[in-house]
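Tertiary structure, described
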Amino acid sequence: MPTATASPAQRKVPRPRADAVRNRERIVTAAREMFVEHGPDVPLDEIARRAGVGNATVYRNFPDREALVREVVCSVMDRTAEAAEAALTETGDAFAALEHFVHASADERLSALCPMMSDGFDRHHPDLEASRERVEQLIEEVMGRAKAAGQLRPDVGVGDLMIVVAQLSRPPAGTDCVRGDRFVHRHLQLFLDGLRAPARSVLPGTAVTIEELRSP
């Protein structure tokens, strides 16, 4: 007896309209910029205004502030992961690939968004966990390649890199991202030069691990 198959109408999965996708992307981009510039309490109607959409469009895509924050953070982590993947495809100088990744990840301003994930925010949401684990694994691979090539000092860990990038890429209070770029990449390069092997000094303590960063 032949197996019944679904009709074309049953198989068809509706796709979001192109304008709806663009609106969602505009909202996430505007929210990222305003969260970085003004903090987590920026009014959603201000985000809608910068995105060029109505308030109803924001709430149709994101039912509450937490959903919007989560989407912004996941989006930034995914873009950071893509920068790491791009670094892993580079051939030749492994340390140069690490440098490219560090500068690209700093531009994402993830550090400015991290403080928003507190005070009741679900930091263990499956989407966040998946994005975070992907980023951490890729950073380990980028650093591992540079260590294997003898270009990265062996006494630093992924946590060391993430902490410094977070600290240096967070704009000081009252300073917007564009003006902050004047010194962010300059100081990052100073830090990267200190990561080169052979090391010129012995670091106090031990390499910072991902587990230490996650511990309360």
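Please read these numbers as outputs of a predicted model, since none were measured by experiment.

Observations concerning the overall build of the protein
- Scanning the protein from N- to C-terminus turns up 11 helices and zero strands.
- Taken from the N to the C terminus, the helices and strands of the protein come in the order α-α-α-α-α-α-α-α-α-α-α.
- Put simply, of all contacts in the protein between residues at least 6 apart along the chain, 74% involve residues at least 24 apart.
- Surface accessibility of the protein: about 12,800 Å² in total, with carbon and sulfur atoms responsible for 53%.

Details of the UniProt feature "DNA-binding region" (unreviewed entry) in the protein
- The sites that UniProt annotates as "DNA-binding region" (unreviewed entry) are residues 43–62.
- The span residues 43–62 is 75% helix and 0% strand, and its two end C-alpha atoms sit 14 Å from each other.

Re the pattern of salt bridges
- All chains considered together, the criterion is met by 12 salt bridges.
- Here Asp155 makes a salt bridge to Arg153, at a shortest N to O gap of 2.7 Å.
- Several salt bridges share partner residues, and in doing so they unite Arg32, Arg79 and Glu108 into one network.

Observations regarding unusual backbone geometry
- Of note, the amide linkage connecting Ala197 to Pro198 takes the cis form, showing an omega dihedral of 5 degrees.
- Of note, Pro198 is situated in the loop between helix H10 (177–195) and helix H11 (210–214).

Considerations on the nonpolar core
- Membership of the largest hydrophobic core comes to 53 residues, with the highest contact counts inside it found for Phe35, Ile47, Leu68, Leu98 and Leu161.
- Broken down by element, this core gets its largest block of residues, 12 residues, from helix H5 (residues 65–89).
- Dropping the residues within four chain positions of it, Leu161 is found in contact with Leu98, Phe101, Val102, Ile139, Met143, Phe191 and Leu195.

Calculation notes
Residues numbered from 1 in each chain as written. Predicted model: local features only at pLDDT ≥ 70, side-chain atom pairs only at ≥ 80, totals over all residues. Heavy atoms only, no water. Helix = DSSP H or I, 4+ residues; strand = E, 2+ residues; numbered from the N terminus. Contact = heavy atoms within 4.5 Å. Areas by Shrake-Rupley, 256 points an atom, 1.4 Å probe, with all protein chains shown as cover. UniProt positions renumbered as here; feature names shortened; annotations may be inferred. Salt bridge = Lys/Arg side-chain N within 4 Å of Asp/Glu carboxyl O. Core = buried A, V, L, I, M, F, W, Y, C linked by side-chain atoms within 4.5 Å. Buried < 20%, exposed > 50% of the residue type's maximum accessible area, 1.4 Å probe, protein only.

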